[in-house]
Amino acid sequence: MKISEIYAILDSIAPFELQESWDNSGLIIGSMGDEFDSVTLSLDLDSLLVARAKPRTLFITHHPLIFKGLKSLDSSKYPANLIKEMIKKDISLISMHTNYDKMVLNKFVLSEILGYKNYEQDGEFILKFEVNKSFEEFVADIKSKLNLVTIRVVKGCDFIKTAALCTGSGSELISNLKADCFLSGDFKYHTALQSYENSLSLIDINHFESERYFGESLALNLQKFKVFATITNSINPFEYR
């Protein structure tokens, strides 16, 4: 199968033109005319995944390996070390980032992992849904369903009537949010303090943990086109002790 063929399928699932202007989704390594033998889905790429990959593998990741233009390639450092090995093994890479967030990932995590089937879109990245639970009950439910070892929260109110979700890192979207609780990752201290003072509860569902379902969600969509892939995940650079 050629890269161009699967690229067209991916574009039908989550059009690449929907990515944000700062994003770098699309074909990162390889050419449209290249052929591949197998597909592997992962949140990111790391050295272990590339070392284990067979030649002529196509990786489809959520996060682009290259975000900004590279002025040099030092093969002793990331990401150039991975790029060097990938070229040697004829490994290709396509990334689906903000376009996939908008079209698939947020909805999949909320409905299939957290179990909230009824929701409404609030902007391109935020989904709002009804909860009607105490803050403590809601936190425990989210922690259990996402299998989180630890969880950071800001308790801005005792009862959660409505909540909003954005997987990954959504703290910049808080300013216009109208809900009792916001679920996302990478919350900073000043964001937490501001939310607390404004009676907005926060549940930090972590970046890796909230987006690790990329492979699972994409595999289900690819199966509709008779494309079957291996699901794996890159390492989580954080440890919890």
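Residue positions within a chain follow its written sequence, with the count starting from 1. Totals for whole chains, interfaces and linings use all residues, but because this is a predicted model, local features are given only for residues with pLDDT of at least 70 and pairs of side-chain atoms are given and counted only at 80 or more. Side-chain calculation: all heavy atoms of the structure are included, whereas hydrogens and water are not.

- Per an unreviewed UniProt entry, the chain goes by the name Nif3-like dinuclear metal center hexameric protein and belongs to Campylobacter vicugnae.
- UniProt positions are given in the numbering used here, feature names are shortened, and annotations may be inferred rather than shown by experiment. A UniProt comment under Sequence similarities (unreviewed entry) is attached to the chain, and it reads "Belongs to the GTP cyclohydrolase I type 2/NIF3 family."

Describing the packing of aromatic side chains
Working step 1: For Phe, Tyr and Trp, rings pair up if their centres lie within 6.5 Å, where Trp contributes its six-membered ring, and each pair is then called stacked (planes under 30 degrees apart), edge-to-face (over 60) or tilted (otherwise). Evaluation of the coordinates by the stated rule reveals 6 aromatic pairs.
Working step 2: Residues Tyr-116 and Phe-129 carry aromatic rings whose centres are separated by 4.7 Å and whose planes lie at 45° to one another, so their mutual orientation is tilted. Taken as a pair, Tyr-116 in the loop between α4 (98-113) and β5 (119-122) and Phe-129 in strand β6 (residues 126-134) lie far apart in primary sequence, 13 residues in all. Each of the two residues, Tyr-116 as well as Phe-129, counts as buried.
Working step 3: Aromatic pair Tyr-116 and Phe-138: ring centres 6.3 Å apart, planes at 80°, arrangement edge-to-face. In this pair, Tyr-116 sits in the loop between α4 and β5 while Phe-138 sits in helix α5 (residues 135-145), placing the two residues 22 residues apart along the sequence. Each of the two residues, Tyr-116 as well as Phe-138, counts as buried.
Working step 4: Through a chain of ring-to-ring contacts, three or more aromatic side chains come together here, namely Tyr-116, Phe-129 and Phe-138. Every helix listed is a DSSP run of H or I at least four residues long, and every strand listed is a run of E at least two residues long, numbered separately from the N terminus. Throughout this description, buried means an accessible area under 20% of the type-specific maximum (1.4 Å probe, protein chains only), exposed means over 50%, and partly exposed covers the range between.

Things to note about the pattern of salt bridges
Working step 1: We define a salt bridge as a side-chain nitrogen of Lys or Arg found within 4 Å of a carboxyl oxygen belonging to Asp or Glu. One pass over the structure, following the stated rule, counts 11 salt bridges.
Working step 2: Note that Lys-102 and Glu-20 form a salt bridge whose closest N and O atoms lie 2.7 Å from each other. On the criterion of sequence distance, the pair formed by Lys-102 in helix α4 and Glu-20 in the loop between α1 (3-13) and β1 (26-29) is long-range, its members being 82 residues apart.
Working step 3: The shortest N-O distance in the salt bridge between Lys-155 and Glu-136 comes to 2.6 Å. You can see Lys-155 sitting in the loop between β7 (152-154) and β8 (159-169) and its partner Glu-136 sitting in helix α5, a full 19 residues away along the chain.
Working step 4: Of the residues examined, Glu-136 reaches a relative accessible area of 46% and is grouped as partly exposed.
Working step 5: Linked by salt bridges that have partners in common, Glu-20, Lys-102 and Glu-124 make up one network.

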